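What follows is each chain in one-letter form.
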Amino acid sequence: MDLQVAARILQDTATGRHHSSHGLSGARRLRDAIVLGYQLQRITGKDIAIPEWYSLAQNELSSRTQLANKEVLDIGSLTRQSDYFTILHGDHQGLPDTIGFLKSLAEMESSGRPQNNNKLQTRDYLAASAMFNWEEEIFVSRAPGRLDVMGGIADYSGSLVLQMPTRESCHVAIQRNHPSKHKLWKHAQARQPKEGPTAVLQIVSLGSELGNRGPTFDMDLSDFVEDGRPITYEKAYNYFARDPAQKWAAYVAGTILVLMTELGIRFEDSISILVSSGVPEGKGVSSSAAIEVASMTAVAAAHGLNIDPRHLALLCQKVENHIVGAPCGVMDQMASACGEANKLLAMVCQPAEVLGLVDIPPTIRFWGIDSGIRHSVGGSDYKSVRVGAFMGKKIIKSSASVELCSSLSNISTQQINKSNPDDADEDGKDLLETEASLDYLCNLSAHRYEASYATRLPESLSGQEFVEKYLDHDDSVTTIDKERNYAVRAPTRHPIYENFRVKAFKALLSATPSNYQLSALGELMYQCHFSYSACGLASNGTDRLVNLVQEMQHSKSSESEGGTLFGAKITGGGSGGTVCVIGRNCLRSNQQLVEIQQRYKTATGFSPYVFEGSSPGAAKFGHLQIRLRKSRQT
């Protein structure tokens, strides 16, 4: 390209004349110009990686997503606000959302003063302002959501999974005080016994007015104790299920009961917790895991507990499985706790063996696009698919046991007849022994499934028939409804093949960058998506988004340019939520995503939020220990 032409394009972009920079700030126009410079130096046949700081949600897509009307963060201003606190431990790492959260805390402290009380403030904000002793130490934790790149619902069957932490995260601020010094809300004060103060847990959920939940929750910590021991998880589940508007508190308060039950921790001080989550709910990006991990990390920090990140994730899974009542696998909590920015966490879910972090090649980028259809792992579809997979595993084990008995009988007959069994017979016996004691469905290879078991599995089976023949499906977090009919073959087949697809995907990420690499990765994602559909976990919205990516990929303009988007799949528990997209890391991919947004909005009336970028997991972030500066206390 002629240098004068290139210079003019860069100048127009920086000054706001370029179409993609219309209405953007000078700083962002300058960033656009720099990125465009990267693209202009692109050599035919070679990709130039865009710098990580180039944020899609802060550029073209920002004006077209749900964050369109939000004020752009002024990092310098936020940093000055965070100076209201002395950071005694940890580092905010320059993360804008963490600095913004510290700013919110500073504003709450200020608004809590009588002369600054504003009656127009929301109930959650006012409750948080009055909850903390601002002169005392506060602990702050941060945990991101996760984008399910590959693995999804195969986690509970022991699959390899690949998960990326999102840029969006949940922050939790916690303070512990002796019951005599705890600032209680009036109704909590009225509940205190005459003989002396007892420990109380108070929780505020910021942004509660945007969801179907109450802004505050409080309880006496003694409610978690019965006859000197922690109450059962079943009793805790019923405790939080009494009021639908306050069931959300189970994700936070449940971490305390799990620590009491599993680690024998005693909580004698009162506890105040503020939860502020930027991970959108019901989008299939594990907003619940982010809350659980951030809450338990904060509780552990405030009480001097040193919990290994992997162990913490497993404890958080108990919160979701047993106290919330959602039968999820562990990959969500593991990604939120152990993940790192711009890397994929590779984990074998048996139950949670972290293989390491996988670098995302600079030529490849992942996005998430929200379908607008609310997703929940507590939904009946997810549960029934999980039940079907465990039914299938039980049938396979039973079938292998029957065949093994027959094989052993044949070998005994040969020995009686004084003929030596073939080595093949011995090998077959060993294989059947392994399959008869199958612990995780994903430990069965795809070829063995097809050769020996695919035709033996029914398409579906009633709960009554299954229980009569096999007694139980051996899953501790779901129960079989005898009156219900369950799909069996598709839910069993999915994790077996998904495990193979994820292994292939991981290997391909280290291949030489090329269109062939991207095409193969995209094909594996498409296969995963349609396997979800076969299980009954599809939705009109996610199917539409995947079809839009396919249309974009195979359009004449994309093919002539070597393609930019290469694949897409539904994520997490399915039945709505977010679609993960893989593409080339270039500006043209961003433009195509904008076009997909526009087409989706035209067809559905909903403008989808785009998840782009990444951030550190809870363990990598650690925690902050902060105290209000003395100049603010006077």
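This is a predicted model, so every value here is computed, not measured.

About the criteria used
Residues numbered from 1 in each chain as written. Predicted model: local features only at pLDDT ≥ 70, side-chain atom pairs only at ≥ 80, totals over all residues. Heavy atoms only, no water. Helix = DSSP H or I, 4+ residues; strand = E, 2+ residues; numbered from the N terminus. Buried < 20%, exposed > 50% of the residue type's maximum accessible area, 1.4 Å probe, protein only. Contact = heavy atoms within 4.5 Å. Expected span 1.5 Å × (residues − 1). Phe/Tyr/Trp six-rings, centres within 6.5 Å; stacked < 30°, edge-to-face > 60°. Lys NZ or Arg CZ within 6 Å of the ring centre and 35° of its normal. Pairing = 2+ DSSP bridges. Axes fitted to C-alpha atoms, helices over the stretch in contact; angles between N-to-C directions. Parallel < 35°, antiparallel > 145°, perpendicular 65-115°, else oblique. Left-handed = near helix turned anticlockwise from the far one by under 90°. Polar contact = N/O pair within 3.5 Å; in protein donor to acceptor, adjacent residues only side chain to side chain. Disulfide = S-S within 2.5 Å. Nonpolar A, V, L, I, M, F, W, Y, C, P; charged D, E, K, R; others polar. pLDDT = per-residue confidence, 0-100.

A.B. asks: What am I meant to see in the overall build of the chain here?
C.D. replies: Of regular secondary structure, the chain possesses 22 helices and 17 strands. Counting over 634 residues, the chain shows a buried share of 54%. Expressed as a percentage of contacts within the chain between residues at least 6 apart in sequence, the contacts between residues at least 24 apart total 73%.

A.B. asks: Can you help me understand helix 4 (residues 96-111) in this one?
C.D. replies: What sets the pattern is the α-helix's 3.6 residues per turn: residues three or four places apart point alike. When the terminal C-alpha atoms of helix 4 are compared, their 22 Å separation across 16 residues agrees well with the 22 Å that a helix rising 1.5 Å per residue should span. Along helix 4, the residues that are buried comprise Thr 98, Ile 99, Gly 100, Phe 101, Leu 102, Leu 105, Ala 106, Met 108, Glu 109 and Ser 111.

A.B. asks: Just to check I follow, could you spell out unusual backbone geometry for this structure?
C.D. replies: Trans peptide bonds make up the majority, and among non-glycine residues the majority have a negative phi. The peptide bond linking Gln 350 to Pro 351 adopts the cis configuration, its omega dihedral lying at 0 degrees. Tracing the sequence through the fold places Pro 351 in the loop between strand 9 (343-348) and strand 10 (353-359). Of note, the phi angle at Leu 471 is positive, near 70 degrees, even though the residue is not glycine. With respect to the helices, strands and loops of the structure, Leu 471 is situated in the loop between helix 15 (463-470) and strand 13 (485-487). By relative accessible area, which is 67% here, Leu 471 ends up exposed.

A.B. asks: Would you mind showing me how to read the packing of aromatic side chains here?
C.D. replies: What describes a pair of aromatic rings is the distance from one ring centre to the other and the angle between the planes of the rings. Throughout the structure, instances matching the rule amount to nine aromatic pairs. Pairing Phe 217 with Phe 240 gives two aromatic rings, centres 5.7 Å apart and planes at 40 degrees, and the pair type is tilted. Here the residue Phe 217 occupies a position in strand 5 (residues 216-220), and Phe 240 occupies one in helix 7 (residues 233-241), the gap between them amounting to 23 residues. Among the aromatic residues, ring-to-ring pairing joins Phe 217, Phe 224, Tyr 239 and Phe 240 into one connected group. Against the face of Tyr 239 rests Arg 242, its NZ or CZ located 4.2 Å from the ring centre. For Arg 493, the ring lying beneath its charged end belongs to Tyr 497, and the centroid distance is 4.1 Å.

A.B. asks: Looking at this structure, how should I read the pairing of strand 8 (residues 270-277)?
C.D. replies: Among the eight residues that make up strand 8, six are buried, leaving the element largely enclosed by the rest of the structure. Where strand 3 (residues 160-177) meets strand 8, eight bridges bridge the pair, whose relative direction is antiparallel. Bridge pairing in strand 8 places Ile 174 opposite Ile 273. With five bridges connecting them, strand 4 (residues 200-205) and strand 8 associate as parallel partners. Note that in strand 8 the partner of Val 204 across the bridge is Leu 274.

A.B. asks: It is not clear to me how the sheet that holds strand 14 (residues 565-570) should be interpreted in this structure. Could you clarify?
C.D. replies: Where strands meet in a sheet, backbone hydrogen bonds hold them as pairs that are either parallel or antiparallel. With respect to topology, four strands assemble into an open sheet ordered 14-15-11-16, the strand pairing being antiparallel. With one partner strand each, in any of the chains shown, strand 14 and strand 16 (610-612) form the two edges of the open sheet. Within this sheet the neighbouring strands show an average axis-to-axis angle of 25 degrees, counted without direction. Where strand 14 lies against strand 15 (residues 578-584), five bridges are found, and the strand directions are antiparallel.

A.B. asks: Is there a simple way to explain the packing of helix 7 against helix 8 (residues 250-263) in this structure?
C.D. replies: How two helices sit against one another is set out by the angle between their axes and by the gap between those axes. Remark: helix 7 packs on helix 8, axes separated minimally by 11 Å, with the N-to-C direction vectors making an angle of 160 degrees. It follows from the interaxial angle that helix 7 and helix 8 lie roughly antiparallel. Judged by the twist between their axes, the crossing of helix 7 over helix 8 is right-handed. Where helix 7 abuts helix 8, its residues Tyr 233, Ala 236 and Phe 240 lie against Ala 250, Ala 253, Leu 257, Val 258, Thr 261 and Glu 262.

A.B. asks: Could you clarify how one ought to interpret the environment of Tyr 251 in this entry?
C.D. replies: With respect to the helices and strands, Tyr 251 occurs in helix 8. By relative accessible area, Tyr 251 is classed as partly exposed at 22%. Distance from Tyr 251 to Cys 316, taken between C-alpha atoms, is 8.7 Å for residues 65 residues apart in sequence. Setting aside residues up to four positions removed in sequence, Tyr 251 forms contacts with Ser 288, Ile 291, Glu 292, Val 319, Glu 320 and Val 324.

A.B. asks: What am I meant to see in helix 8 here?
C.D. replies: For helix 8, which comprises 14 residues, the first-to-last C-alpha distance of 19 Å matches the rise-based estimate of 20 Å (1.5 Å per residue) to within 8%. Burial runs high along helix 8: ten of the 14 residues are buried. Those residues of helix 8 that fall on the buried side of the exposure criterion are Ala 250, Val 252, Ala 253, Gly 254, Thr 255, Ile 256, Leu 257, Val 258, Leu 259 and Met 260. With its phi angle positive at about 70 degrees, Gly 264 sits one or two positions after the end of helix 8.

A.B. asks: Looking at this structure, I do not really get the side chain of Asp 220. What am I missing?
C.D. replies: Assignment of secondary structure puts Asp 220 in strand 5. Reaching out from Asp 220, the side chain makes a polar contact with the side chain of Arg 191 at a distance of 3.2 Å. Residues contacting Asp 220, with those up to four places away along its chain left out, are Arg 191, Gln 192, Ala 199 and Val 200.

A.B. asks: What is the right way to read the state of the cysteines from this model?
C.D. replies: A covalent bond bridging the sulfur atoms of two cysteines is what the word disulfide describes. Going through the model one piece at a time under the given rule, you end up with zero disulfides. Distance from the sulfur of Cys 580, which forms no disulfide, to the nearest cysteine sulfur (Cys 528) is 9.6 Å. Of the residues examined, Cys 580 reaches a relative accessible area of 0% and is grouped as buried.

A.B. asks: Help me understand the packing of helix 8 against helix 10 (residues 309-324), please; the structure alone is not making it clear to me.
C.D. replies: Contact geometry of helix 8 with helix 10 gives a least axis separation of 9 Å together with a crossing angle of 115 degrees. Relative to helix 10, the element helix 8 lies roughly perpendicular. As helix 8 runs across helix 10, the sense of the crossing is right-handed. Here helix 8 contributes Ala 250, Tyr 251, Gly 254, Thr 255, Leu 257, Val 258, Leu 259, Glu 262 and Leu 263 to the contact with helix 10, which in turn contributes His 311, Leu 315, Lys 318, Val 319, Glu 320, Ile 323 and Val 324. Of the residues that constitute the contact of helix 8 with helix 10, the class distribution is ten nonpolar, three polar and three charged.

A.B. asks: How should the pairing of strand 9 be read in this particular structure?
C.D. replies: The two faces of a sheet get side chains in turn, since along a regular strand they alternate between them. Extensive coverage of strand 9 is indicated by the burial of five of its six residues. Two elements, strand 3 and strand 9, share four bridges in a ladder whose sense is antiparallel. Within the sheet, the bridge partner assigned to Val 161 lies in strand 9 and is Met 347.

A.B. asks: Looking at this structure, how should I read the confidence of the model for the chain?
C.D. replies: Any segment with low pLDDT has predicted coordinates that should not be analysed in fine detail. Residues at a pLDDT of 70 or more form 81% of the chain, whose mean pLDDT is 86. Here residues 18-24 is modelled with pLDDT under 50, and outside its nearest four sequence neighbours on either side it reaches 13 contacts, counting other chains as well. Scored below 50 in pLDDT, residues 38-73 makes 84 contacts in the model with residues more than four places away or belonging to other chains.

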